Amino acid sequence: MGHVQAPLGNFEQAWRAVERPDLVAPAVSSALAAWPGHADEVLVVDTDPDLADTANFCAAYDVAAEASANCVVVAAKRGEAVTYAGCVILASTKADVNGLVRKHFEARKASFASMDYAVEQTGMEYGGITPIGLPEPWALLIDAQVSSTPYVIIGSGRRRAKLIVPGKLLSAVPGAQTLVGLGI
């Protein structure tokens with residue numbers, strides 16, 4: 001288990017995420033183990049959990065907001081049915097929840113899921129939720145801008161670490177759909 005050079009930011013060390021299960025949530029480890037051919041491309045960096053919020057993180061680790069991505073959990077309601085989705089957008093944008101997400105799911109209403117629900121269902125820490133390892137029935141929507149970014153940094157399931165992933169690889173997460181205009 002050796003460290004590798006991070007392709008962005010000013011991190012002292014980076015590792016293949018599969019080699020550092022202590023830095024990722026259990027669901028992320030499981031998803032990486034079940035993703036042959038791609039898991040080795042996912043890197044992880046150990047960071048200060050007090051700097052996990054995007055603006056502080058980007059400033060401290062010299063990462064542009066355009067290379068940082070957020071995974072927000074959305075609940076889309078149509079009648080009694082609720083569809084949950086992880087929506088991945090660049091940190092320089094906001095998720096178009098009431099427009100594109102609502103229309104995509106043909107929902108009457110779409111809103112951010114409660115923090116408690118998102119944390120409980122994903123097994124990930126608030127501020128570290130990531131698209132790799134989301135619960136099976138959930139949808140995963142990736143903004144096209146994320147997919148076209150060479151590398152993005154995103155949560156690892158834990159506040160103390162981040163994943164570095166080729167943007168196009170996030171669109172290859174099993175079940176992911178890429179949408180133009182998800183991040184506005």
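Refer to the structure printed above.
Fair warning: this is a prediction, and the values are worked out from it, not measured in the lab. (Residues numbered from 1 in each chain as written. Predicted model: local features only at pLDDT ≥ 70, side-chain atom pairs only at ≥ 80, totals over all residues. Heavy atoms only, no water.)

Each helix and strand in the protein chain was counted, giving six helices and nine strands. Radius of gyration (C-alpha) of the protein chain: 15 Å, near the 16 Å computed for a compact globule of 184 residues. A principal-axis box enclosing the C-alpha atoms of the protein chain has dimensions of 50 × 30 × 30 Å. Looking at the protein chain as a whole, 48% of its 184 residues qualify as buried. In the protein chain, the proportion of contacts linking residues at least 24 apart, taken out of those at least 6 apart, comes to 66%. Total accessible area computed for the protein chain in this model is approximately 8700 Å², and 50% of it derives from carbon and sulfur atoms. (Helix = DSSP H or I, 4+ residues; strand = E, 2+ residues; numbered from the N terminus. Rg over C-alpha atoms; globule rule 2.2 N^0.38 Å. Buried < 20%, exposed > 50% of the residue type's maximum accessible area, 1.4 Å probe, protein only. Contact = heavy atoms within 4.5 Å. Areas by Shrake-Rupley, 256 points an atom, 1.4 Å probe, with all protein chains shown as cover.)

A word on the sheet that holds strand E4 (residues 81-90). A sheet is described by the order of its strands in space; here five strands give the open sequence E5-E3-E4-E6-E9, paired in mixed fashion. Looking at the sheet topology across the chains shown, the edges are occupied by strand E5 (109-112) and strand E9 (176-179). On average, each strand axis in the sheet is inclined to that of its neighbour by 30°, with strand direction left out of account. Where strand E6 (residues 139-143) lies against E9, four bridges are found, and the strand directions are parallel. Each bridged residue has a counterpart across the sheet, and for Leu141 the counterpart in E9 is Gln177. (Pairing = 2+ DSSP bridges. Axes fitted to C-alpha atoms, helices over the stretch in contact; angles between N-to-C directions.)

To continue, consider the sheet that holds strand E8 (residues 161-166). Pairing is antiparallel across the open sheet formed by four strands, whose spatial order is E1-E2-E8-E7. If you trace the sheet from one side to the other, it starts and ends with strand E1 (15-16) and strand E7 (151-155), each paired once. Pairing of E1 with strand E2 (residues 43-46) involves two bridges; the strand directions are antiparallel. Opposite Arg16, over in E2, you have Leu43 as the bridge partner.

The next point concerns the pattern of salt bridges. Applying the stated criterion across every chain yields a total of five salt bridges. Between Arg20 and Asp22 there is a salt bridge, and its shortest N-O distance comes to 2.7 Å. (Salt bridge = Lys/Arg side-chain N within 4 Å of Asp/Glu carboxyl O.)

This paragraph deals with helix H2 (residues 54-61). Looking only at H2, the buried set comprises Phe57, Cys58 and Tyr61. Down the axis of H2, the buried set is contained in an arc of 95°. They therefore lie on one face. Away from the buried face of H2 by more than 90 degrees, exposed residues Ala55 and Ala59 are located. In this structure, the buried residues of H2 make contact with E7 and E8. Of the residues trailing H2, Asp62 is marked for its positive phi of about 55°. (Arc of directions from axis to C-beta.)

All right, on to the packing of aromatic side chains then. Enumeration over the complete set of coordinates arrives at five aromatic pairs. Taking the centre distance of 5.1 Å and the plane angle of 20° together, the rings of Phe11 and Tyr61 count as stacked. You can see Phe11 sitting in the segment before E1 and its partner Tyr61 sitting in helix H2, a full 50 residues away along the chain. Overall, Phe11 belongs to the buried group, its relative accessible area being 10%. An aromatic cluster of three or more residues is present, and its members are Phe11, Phe57 and Tyr61. Directly above the ring of Trp15 sits Arg20, whose terminal nitrogen or CZ lies 4.3 Å from the centroid. Stacked on the ring of Phe57, the Lys or Arg Lys162 has its end atom at 5.0 Å from the ring centre. (Phe/Tyr/Trp six-rings, centres within 6.5 Å; stacked < 30°, edge-to-face > 60°. Lys NZ or Arg CZ within 6 Å of the ring centre and 35° of its normal.)

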